[in-house]
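Fold and geometry: a report
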Amino acid sequence: MTAEDVLLLADLAEATAGVALQKSGQTEILNALSLEQVNEMRRKIATRFPESASELTPLQRYLQWSVSDPRKRSLSPFSIRTVSPWVEERINEGTPDGLRAATLVDPTNMRLAAHFGRRLADYALEKGADPARARRDRAEADFQTRRALKLAPDNDEVKTLRVEVVTMLRLISQ
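Summarised in this report is the structure supplied together with it. The structure displayed is predicted, hence computed values, not measured ones.

On to the overall build of the protein chain. From N to C terminus, the protein chain includes eight helices and two strands. Listed by position from the N terminus, the elements making up the protein chain come as α-β-β-α-α-α-α-α-α-α. What you see for the protein chain is a C-alpha radius of gyration of 22 Å, clearly larger than the 16 Å of a compact globule of 174 residues, by over 25%. Taken along the three principal axes of its C-alpha coordinates, the protein chain extends 65 × 40 × 30 Å. Looking at the protein chain residue by residue over its 174 residues, the buried ones come to 34%.

See below:
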């Protein structure tokens, strides 16, 4: 671990928090960073490390991973599995917990959001479900599929899942 790596870690912490700690005499002040300053710090870290992680120290791999595109990077700095196949596995698995976890990792994936909403609608329809949970599941199913359709209006799969959820929610309200 080099001194430069430690300074880059400090830059990453500031960029992530969006604030920089500055000393003024004996007083420490938090200054908000502009988006331009945050992006510059992230670019500085990204250009420091090549694409290949084979020769990097664990800290350097963490720094490289932290500033890489979240949709294209591995699941963790030390994993070889990438986000896209993992998300696809969660969709195929179809459990609410797996789909919810995947939406935390890939929140802009509207296909995933639509599948999550569809699965929540299934749970809302289950006999013997807790009424409060069923209401929450219905509301979230509607939100997720409506949001997915709004942000991916040309995706046929998203359209189909939205129609299914709307139909299911109508059945519940009758």
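With that out of the way, let us pick up the side chain of Ser74. When you line up the elements, Ser74 lands in the loop between helix H3 (58–66) and helix H4 (83–93). Polar contacts involving the side chain of Ser74 include one to the main-chain carbonyl oxygen of Ser76, which spans 2.5 Å. For Ser74, the contacting residues outside a window of four places in its chain are Trp65, Ser79, Arg81, Thr82 and Val83.

Evaluated as defined, the whole model comprises 17 salt bridges. Arg81 serves as the salt-bridge partner of Glu89, at 2.5 Å between the closest nitrogen and oxygen. With a shortest N-O distance of 3.8 Å, Glu89 and Arg90 are connected by a salt bridge. By relative accessible area, which is 13% here, Arg90 ends up buried. In this structure, a network of salt bridges that share partners links the residues Arg81, Glu89, Arg90 and Glu93.

Position of Arg73 among the secondary structure elements: in the loop between H3 and H4. Beyond its immediate chain neighbours, meaning those up to four positions away, Arg73 contacts Trp65, Ser66, Ser68, Thr82 and Val83.

For the rest of this paragraph, the subject is the nonpolar core. Membership of the largest hydrophobic core comes to 14 residues, with the highest contact counts inside it found for Val87 and Leu112. Residue assignment for this core shows that the elements contributing at least two residues are H4, helix H5 (96–105), helix H6 (110–125) and helix H8 (156–173). Not counting the four nearest positions on each side in its chain, Val87 is found in contact with Ala102, Asp106, Asn109 and Leu112.

The subject of this paragraph is H6. In a regular helix each residue adds 1.5 Å, so 16 residues correspond to 22 Å; H6 covers 23 Å between its end C-alpha atoms and thus fits that length. Of all the residues in H6, the buried ones are Met110, Leu112, Ala113, Ala114, His115, Phe116, Gly117, Leu120, Ala121 and Ala124. Sitting at the head of H6, Asn109 places a side-chain oxygen 3.2 Å from the backbone nitrogen of Arg111.

Look at H6 against helix H7 (residues 131–151): their axes get within 8 Å of each other, and the N-to-C directions meet at 155°. By the criterion of interaxial angle, the relationship of H6 to H7 is roughly antiparallel. Two packed elements cross with a definite hand, and for H6 against H7 that hand is left-handed. Between H6 and H7, the residues in contact are Met110, Ala113, Ala114, Phe116, Gly117, Arg118, Leu120, Ala121, Tyr123 and Ala124 and Arg133, Ala134, Asp137, Arg138, Glu140, Ala141, Gln144, Thr145, Arg147, Ala148 and Leu151, respectively. Classifying every residue of the contact of H6 with H7 gives 12 nonpolar, three polar and six charged.

Right, let's talk about H4 for a bit. Residues of H4 that are buried: Val83, Trp86, Val87, Arg90 and Ile91. The arc that holds the buried residues of H4, viewed along the axis, is 145°, so those residues lie on one side. In this fold, the buried residues of H4 make contact with H5 and H6. Note on H4: the residue one or two positions beyond its end, Gly94, has a positive phi of about 75°.

Conventions used here
Residues numbered from 1 in each chain as written. Predicted model: local features only at pLDDT ≥ 70, side-chain atom pairs only at ≥ 80, totals over all residues. Heavy atoms only, no water. Helix = DSSP H or I, 4+ residues; strand = E, 2+ residues; numbered from the N terminus. Rg over C-alpha atoms; globule rule 2.2 N^0.38 Å. Buried < 20%, exposed > 50% of the residue type's maximum accessible area, 1.4 Å probe, protein only. Polar contact = N/O pair within 3.5 Å; in protein donor to acceptor, adjacent residues only side chain to side chain. Contact = heavy atoms within 4.5 Å. Salt bridge = Lys/Arg side-chain N within 4 Å of Asp/Glu carboxyl O. Core = buried A, V, L, I, M, F, W, Y, C linked by side-chain atoms within 4.5 Å. Expected span 1.5 Å × (residues − 1). Axes fitted to C-alpha atoms, helices over the stretch in contact; angles between N-to-C directions. Parallel < 35°, antiparallel > 145°, perpendicular 65-115°, else oblique. Left-handed = near helix turned anticlockwise from the far one by under 90°. Nonpolar A, V, L, I, M, F, W, Y, C, P; charged D, E, K, R; others polar. Arc of directions from axis to C-beta.

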